[in-house]
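In case you want the letters, here they are:
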Amino acid sequence: MTTVFHDVRYPFSLALGASGGPVRRTEIVALVSGHEERNSPWAHSRRRWNAAPGIRSLNDVETLIAFFEARHGQLHGFRFRDPVDHASGVPVSPTDQVLGVGDGNTSEFQLIKRYEDAAGAYDRPIRKPVAESVRVAVDGIAQAEGTDFTVDTATGEVSFAIAPAAGTMLTAGYEFDVPARFDTDRLDISLDAIEAGEIADLPIIEIRA
């Protein structure tokens, strides 16, 4: 069976209790002097969650089993809404995040979310924006979706009808999901009461684009 991405969201009611977040890979080499060298082969972090705490009832278990079987376990990807990090800002505004700067020729721009402080920054590509949630502005002026711009919700790419003029500041706000898959081919379920269920572990991991 061929692996495909299913453009459906993991039930948000089951994701509310999920714990997890970004994972980085850092390689550390201890030197003879006692100093160390640190490097990372990853340009981007990768999210991982344990969604087991969100399963609180027999109805939840039935919903989970149906979703798990429809994805064939780890085989097919799906959208996952991170309970704590799923928007460009609160509330969403068309000036939340920088898309880029117009040059008069380029009309397509990738959605990103920037995480930063005074010492550093990280730009995270946003590949799965939520349909009809994306708001865009040019030099602070809101644009109309469908007329001034369109959004590819499969890639997170914003396309302007007319290439923005050179020097114009392009910004965007949005809600987004994470492309993910189950990180197990087995559900270990135990019923502790007729109307309640408990799952020890339910790992979900981000899929790299």
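A short tour of the structure in this document, coming up. Keep in mind that this is a model prediction, so the values were computed, not measured.

With 13 residues, helix 2 (residues 58-70) ought to run about 18 Å at 1.5 Å a step, and its terminal C-alpha atoms sit 18 Å apart, in line with that. Taken as a whole, helix 2 has its buried residues at Asp60, Val61, Leu64, Phe67 and Phe68. Projected onto a plane normal to the axis of helix 2, the buried residues spread over an arc of 135 degrees and lie on a single side. Across from the buried face of helix 2, at angles greater than 90 degrees, the exposed residues are Asn59 and Glu69.

Looking now at the pattern of salt bridges. Under the definition given, this model contains twelve salt bridges. A salt bridge links Asp85 to Arg47; the nearest nitrogen and oxygen atoms lie 3.9 Å apart. Placement of the pair is Asp85 in the loop between strand 6 (77-80) and strand 7 (97-101) and Arg47 in strand 5 (residues 46-50), with a sequence separation of 38 residues. As far as the burial class goes, Asp85 and Arg47 line up, both buried. Its salt-bridge partner being Arg114, residue Asp123 comes within 2.7 Å of it at the nearest N-O pair. Residue class for Asp123 comes out partly exposed when judged on its relative accessible area of 29%. Residue class for Arg114 comes out partly exposed when judged on its relative accessible area of 40%. Connected via shared salt-bridge partners are Asp7, Arg9, Arg79 and Asp177.

Now for the sheet that holds strand 16 (residues 169-173). Strand-to-strand pairing in sheets goes through backbone hydrogen bonds, with the strands running parallel or antiparallel. If you walk across this open sheet you meet the four strands as 7-16-12-13, and the pairing is antiparallel. Taken across any chain shown, the strands that pair with only one partner, and hence form the sheet edges, are strand 7 and strand 13 (141-142). As defined by bridge partners, strand 7 adjoins strand 16 across four bridges and the pair is classed as antiparallel. Bridge pairing in strand 16 places Gln97 opposite Ala172.

Attention shifts here to the packing of aromatic side chains. Overall, the coordinates contain twelve aromatic pairs when judged by the stated rule. Here the aromatic rings of Tyr115 and Tyr122 are separated by 6.2 Å at their centres, their planes lie at 20 degrees, and the arrangement is stacked. Residue classification places Tyr115 among the partly exposed residues on the basis of a relative accessible area of 26%. By way of ring pairs, the aromatic residues Tyr10, Trp49, Phe67, Phe68, Phe78, Phe80 and Phe182 are connected into one cluster.

Relative to the helices and strands, Tyr10 is located in the loop between strand 1 (5-9) and helix 1 (12-15). Relative accessible area serves as the criterion here: at 1%, Tyr10 is assigned to the buried category. The sequence separation of Tyr10 and Ile162 amounts to 152 residues, and the corresponding C-alpha distance is 36 Å. Apart from residues lying up to four places away in sequence, Tyr10 is in contact with Ala15, Ala51, Ile55, Leu64, Phe67, Phe78, Arg79, Phe80, Phe182, Leu202 and Ile204.

Across four bridges, the pairing between strand 12 (residues 135-138) and strand 16 is antiparallel. Its bridge partner being in strand 16, Ala137 is matched across the sheet by Thr171. Judged from the two bridges that link them, strand 12 and strand 13 form a sheet pairing that is antiparallel. Bridging across to strand 13, Ala137 finds its partner in Ala142. Linking strand 12 back to strand 13 in an antiparallel pair, the connection comprises two residues, with Asp139 at a positive phi of about 50 degrees.

About the criteria used
- Residues numbered from 1 in each chain as written.
- Predicted model: local features only at pLDDT ≥ 70, side-chain atom pairs only at ≥ 80, totals over all residues.
- Heavy atoms only, no water.
- Helix = DSSP H or I, 4+ residues; strand = E, 2+ residues; numbered from the N terminus.
- Expected span 1.5 Å × (residues − 1).
- Buried < 20%, exposed > 50% of the residue type's maximum accessible area, 1.4 Å probe, protein only.
- Arc of directions from axis to C-beta.
- Salt bridge = Lys/Arg side-chain N within 4 Å of Asp/Glu carboxyl O.
- Pairing = 2+ DSSP bridges.
- Phe/Tyr/Trp six-rings, centres within 6.5 Å; stacked < 30°, edge-to-face > 60°.
- Contact = heavy atoms within 4.5 Å.

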